[in-house]
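# Descriptive structure summary
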Amino acid sequence: MYDPLTSTYSFPCPLGNEAKVPLSAFRLLERLPGAAHPAVYRILFSCRCGHDHPGLVSHDELDWAPLGAGAQTTFRNLMTSQDDSLASELAELAAARIRAGEWPWSFFCFLEGRPRPITPSSFALIAPGDGTFGVAVRCPACSAVSVNLVTREHVDIPFWNDARVGVVGHVFHTDALRAIDVFRAELLSARFDERRLDLER
Ligand SMILES: [Zn+2]
Ligand SMILES: [Zn+2]
């Protein structure tokens, strides 16, 4: 259900049409207990119809499809005049960049005071604000939840990585972040400090 050419996930909209939304339209991501192979995430996404709907996304779809790993499409390779798989081409490009020390997504962990590489399943909440997005991220290294203020591209485009992000100066309790409305209210009253996101090479 992920289309790497448009960078969108598709879900059914209860009002009839298929909704194609980027990762930044997700509002809440929560790993379902139980399902492990593959892990499944319950998400809430902001639909073009004006409502938020629930959806299910597998771990692979969430974390690796944006890097091209699941693409079904082929393309005409002009150098060899053969049809090649877009999946292997995109996945190879992504692998080369990761080997070179880049990572598709990152955030600033407040508790550890340093940037950390992540994948989309580390996002817990995503809320659009005044031209930016507030994201609550569960650190894969220390499990603390930090809140960063980032651009839409930082969320939607793998390897974009904002050079500087806003960071709220305290760790968030997971319970306080269960609902998107509570998160929005937290964002409005929060103070952000600027931090650099360069990952160590
Ligand atoms: Zn809808
Ligand atoms: Zn951490």
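That block above? That's the structure.
Not measured: the values here are computed from a predicted model.

### Quick look at the coordination of the zinc ion (ligand 1)
- Protein-derived coordination of the zinc ion (ligand 1) comes from C13 (SG), C47 (SG), C49 (SG) and H53 (NE2), at a distance range of 2.1 to 2.4 Å.
- Classification of the site at the zinc ion (ligand 1) as tetrahedral follows from its 4 donor atoms and the range of 100 to 118 degrees in their angles at the metal.
- In primary sequence terms, the donor set of the zinc ion (ligand 1) follows C-x33-C-x1-C-x3-H. Pair noted here: C13 is in the loop between β2 (8-12) and β3 (18-21) and C47 is in the loop between β5 (39-46) and β6 (52-58), with a separation of 34 residues, a long-range link. Residues C13 and C47 agree in their burial class; the two are buried.

### So, the environment of V168
- Tracing the chain through its elements places V168 in strand β14 (residues 164-168).
- Put simply, V168 and S122 are 46 residues apart on the chain and 17 Å apart in space, counted from C-alpha to C-alpha.
- Dropping the residues within four chain positions of it, V168 is found in contact with F110, V147, A190, R191 and F192.

### Let's talk about helix α2 (residues 86-99)
- With 14 residues, α2 extends 20 Å from end C-alpha to end C-alpha; this agrees with the ideal 20 Å at 1.5 Å per step.
- For α2, every residue scored as buried is listed here: L86, A87 and A94. The arc that holds the buried residues of α2, viewed along the axis, is 100 degrees, so those residues lie on one side. Opposite the buried face of α2, at more than 90 degrees from it, the exposed residues are E92, L93 and R99.
- Considering only its buried residues, α2 is in contact with β7 (74-77) and β8 (82-85).
- Just downstream of α2 lies G101, where phi reads positive at about 100 degrees.

### Points about the coordination of the zinc ion (ligand 2)
- Protein coordination of the zinc ion (ligand 2) is provided by C109 (SG), E112 (OE), C139 (SG) and C142 (SG), with donor distances spanning 2.0 to 2.3 Å.
- One way to put it: the 4 donor atoms around the zinc ion (ligand 2) meet at angles of 99 to 120 degrees, and that makes the site tetrahedral.
- Donor residues for the zinc ion (ligand 2) sit on one chain with the sequence pattern C-x2-E-x26-C-x2-C. Of the two residues, E112 is situated in the loop between β9 (105-109) and β10 (114-118) and C139 in the loop between β12 (133-138) and β13 (145-150); the sequence distance between them amounts to 27 residues.

### Let's talk about the sheet that holds β3
- On the basis of which strands lie adjacent, the open sheet formed by 3 strands has the order β1-β2-β3 and antiparallel pairing. The two strands at the open ends of the sheet, each matched to only one other strand, are β1 (2-3) and β3.
- One ladder, built from 4 bridges, connects β2 with β3; its direction is antiparallel. Residue Y9 lies in a different strand from β3, and its bridge partner there is V21.

### Some words on the pattern of salt bridges
- Inspection of the entire model under this criterion finds 7 salt bridges.
- With a shortest N-O distance of 3.1 Å, R164 and E194 are connected by a salt bridge. Highlighted residues: R164 in strand β14 and E194 in strand β15 (residues 192-196), separated in sequence by 30 residues.
- Judged by relative accessible area, which is 54%, E194 ranks as exposed.
- Across the salt bridge formed by R184 and D181, the nearest N and O atoms sit 3.9 Å from each other. One end of the pair, R184, and the other, D181, are both in helix α4 (residues 180-189), 3 residues apart, so they sit about a helical turn from each other.
- A relative accessible area of 32% places R184 in the partly exposed class.

### Thoughts on empty space enclosed by the protein
- Per the stated rule, a full pass over the model turns up 1 cavity of 30 Å³ or more.
- Volume-wise, the largest cavity comes out at about 50 Å³.
- Residue classes in the lining of the largest cavity are distributed as 7 nonpolar, 1 polar and 1 charged.

What counts and what doesn't
Residues numbered from 1 in each chain as written. Chains lettered and ligands numbered in written order. Predicted model: local features only at pLDDT ≥ 70, side-chain atom pairs only at ≥ 80, totals over all residues. Heavy atoms only, no water. Donors = N, O, S within 2.8 Å, 3.2 Å for Na, K, Ca; no water. Tetrahedral: all angles 85-135°; square planar, octahedral: opposite > 155°, others 65-115°. Helix = DSSP H or I, 4+ residues; strand = E, 2+ residues; numbered from the N terminus. Buried < 20%, exposed > 50% of the residue type's maximum accessible area, 1.4 Å probe, protein only. Contact = heavy atoms within 4.5 Å. Expected span 1.5 Å × (residues − 1). Arc of directions from axis to C-beta. Pairing = 2+ DSSP bridges. Salt bridge = Lys/Arg side-chain N within 4 Å of Asp/Glu carboxyl O. 1 Å grid on protein atoms, 1.4 Å probe; cavity = no way out; pocket = protein on both sides within 12 Å on 5 of 7 lines; lining within 4 Å. Points joined across faces, edges and corners; volume = space filled by probe spheres on them. Nonpolar A, V, L, I, M, F, W, Y, C, P; charged D, E, K, R; others polar.

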